[in-house]
Amino acid sequence: MGWQVGGQIEDGRRQGPIGQGVGPTECHDLRRAELGCARAPSPPGWGDPGDRSLLAALLILLAMVAVVILLNPGRDGFAWFNRLRRPAWLTFERLIPPIWLLIYACFYASALLAWNAGSRWDRMAGYLLVLVLVQSYTWLICRTRSLRSGTLVGLAGWIVGVALAIAVAPLAALLLIPYLLWSPVGTFVTWRMERLNR
């Protein structure tokens, strides 16, 4: 039975424009619109943009969880930190954990958007650096028993965060605003605590 691809049938081969036969195996070499050939589905894998986006989402989440776990101070460190004197106006301390959860959620979404916008490893290194600086705040204070180290780390994280917001896409930068607004507050609180606990 002949094979018809939009022209005459001749023993399973179509006569090309210069008389050369074109069979099914050569179909991909000619214009698909002319021959009516369907593209074969690509095999499953990470080559699809949707799959790459999912993989990036998982890797960014795993990196964030790993940094939080590795730079989490121990119970003794937290106990020491909780015994420090606070400014009298710091009445919203119980809201700080949910504020940071919101900041981390925005940070995660920002990193994912930045990756999907350009797949730039240098941008991801910037996000990782900010995350390490942010998470190092309490860990470093508790390890060194020095509030000044927390003040310096907080300031460094904010500076790197500003540079990162300038470098990434506008929507990704917008999601960094909660961190950029809150970080100076935390740094100022630490600076005031340093003066109260001399």
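The structure this text deals with has already been given above.
Reference entry: report on the structure contained in this document. This one's a predicted model, so the numbers in the text were calculated from it and none came from an experiment. (Residues numbered from 1 in each chain as written. Predicted model: local features only at pLDDT ≥ 70, side-chain atom pairs only at ≥ 80, totals over all residues. Heavy atoms only, no water.)

### Side note on the overall build of the chain
- Scanning the chain from terminus to terminus reveals eight helices and two strands.
- Its helices and strands in sequence order give the chain the pattern β-β-α-α-α-α-α-α-α-α, from N to C terminus.
- Burial analysis of the chain (198 residues in total) assigns 34% to the buried set.
- Working note: accessible area of the chain is about 12,600 Å², and carbon and sulfur atoms make up 65% of it. (Helix = DSSP H or I, 4+ residues; strand = E, 2+ residues; numbered from the N terminus. Buried < 20%, exposed > 50% of the residue type's maximum accessible area, 1.4 Å probe, protein only. Areas by Shrake-Rupley, 256 points an atom, 1.4 Å probe, with all protein chains shown as cover.)

### Concerning the nonpolar core
- Phe 107, Tyr 127, Val 168 and Leu 176 are the most contacted members of the largest nonpolar core, which totals 27 residues.
- Breaking this core down by element, the ones donating at least two residues are α2 (49–70), α4 (96–118), α5 (121–144), α6 (147–167), α7 (170–174) and α8 (177–196).
- Among the elements that take part in this core, α4 stands out by supplying seven residues, more than any other.
- Dropping the residues within four chain positions of it, Leu 176 is found in contact with Phe 107, Ser 110, Tyr 127, Gly 161, Leu 164, Ala 165 and Val 168.
- The next biggest cluster of nonpolar side chains, apart from the first, holds nine residues, and it includes Leu 90, Cys 142, Leu 147 and Met 193. (Core = buried A, V, L, I, M, F, W, Y, C linked by side-chain atoms within 4.5 Å. Contact = heavy atoms within 4.5 Å.)

### Comments concerning the packing of aromatic side chains
- Scanning the entire structure with this criterion turns up seven aromatic pairs.
- On the numbers, 6.2 Å between centres and 75° between planes, the contact of Phe 92 with Trp 182 is edge-to-face. In this pair, Phe 92 sits in the loop between α3 (75–82) and α4 while Trp 182 sits in helix α8, placing the two residues 90 residues apart along the sequence.
- For Trp 182, a relative accessible area of 14% corresponds to the buried category.
- Ring centres of Trp 100 and Tyr 104 lie 5.8 Å apart, and the angle between their planes is 50°; this geometry places the pair in the tilted category. (Phe/Tyr/Trp six-rings, centres within 6.5 Å; stacked < 30°, edge-to-face > 60°.)

### Digging into the side chain of Ser 110
- As for its position among the elements, Ser 110 is in helix α4.
- If we skip the residues at most four places from it in the chain, Ser 110 touches Tyr 127, Ala 172, Ala 173, Leu 175 and Leu 176.

### Looking at unusual backbone geometry
- With a phi close to 55°, Arg 145 is a non-glycine residue in the positive phi region.
- Mapped onto the elements, Arg 145 comes out in the loop between α5 and α6.
- Of the residues examined, Arg 145 reaches a relative accessible area of 44% and is grouped as partly exposed.

### Regarding the environment of Leu 180
- Take Leu 180: it is sitting in helix α8.
- Among the residues examined, Leu 180 registers a relative accessible area of 16% and is labelled buried.
- For Leu 180 and Trp 158, which are 22 residues apart along the polypeptide, the C-alpha to C-alpha distance reads 6.3 Å.
- Aside from chain neighbours lying at most four places away, what touches Leu 180 is Trp 158, Gly 161, Val 162 and Ala 165.

### Observations regarding the environment of Leu 181
- Assignment of secondary structure puts Leu 181 in helix α8.
- Residue classification places Leu 181 among the exposed residues on the basis of a relative accessible area of 59%.
- A sequence separation of 23 residues divides Leu 181 from Trp 158, and the C-alpha atoms of the two residues are 9.1 Å apart.

### Let's talk about the packing of α5 against α8
- Closest axis-to-axis distance for the α5/α8 pair is 13 Å, and the angle between their directions is 20°. Overall, the two elements α5 and α8 adopt an arrangement that is roughly parallel. Seen from above, α5 lies across α8 with left-handed handedness. Facing Val 130, Val 134, Tyr 137 and Ile 141 of α5, the residues of α8 in contact are Tyr 179, Gly 186 and Thr 190.
- Considering only residue class, the contact of α5 with α8 consists of five nonpolar, two polar and no charged. (Axes fitted to C-alpha atoms, helices over the stretch in contact; angles between N-to-C directions. Parallel < 35°, antiparallel > 145°, perpendicular 65-115°, else oblique. Left-handed = near helix turned anticlockwise from the far one by under 90°. Nonpolar A, V, L, I, M, F, W, Y, C, P; charged D, E, K, R; others polar.)

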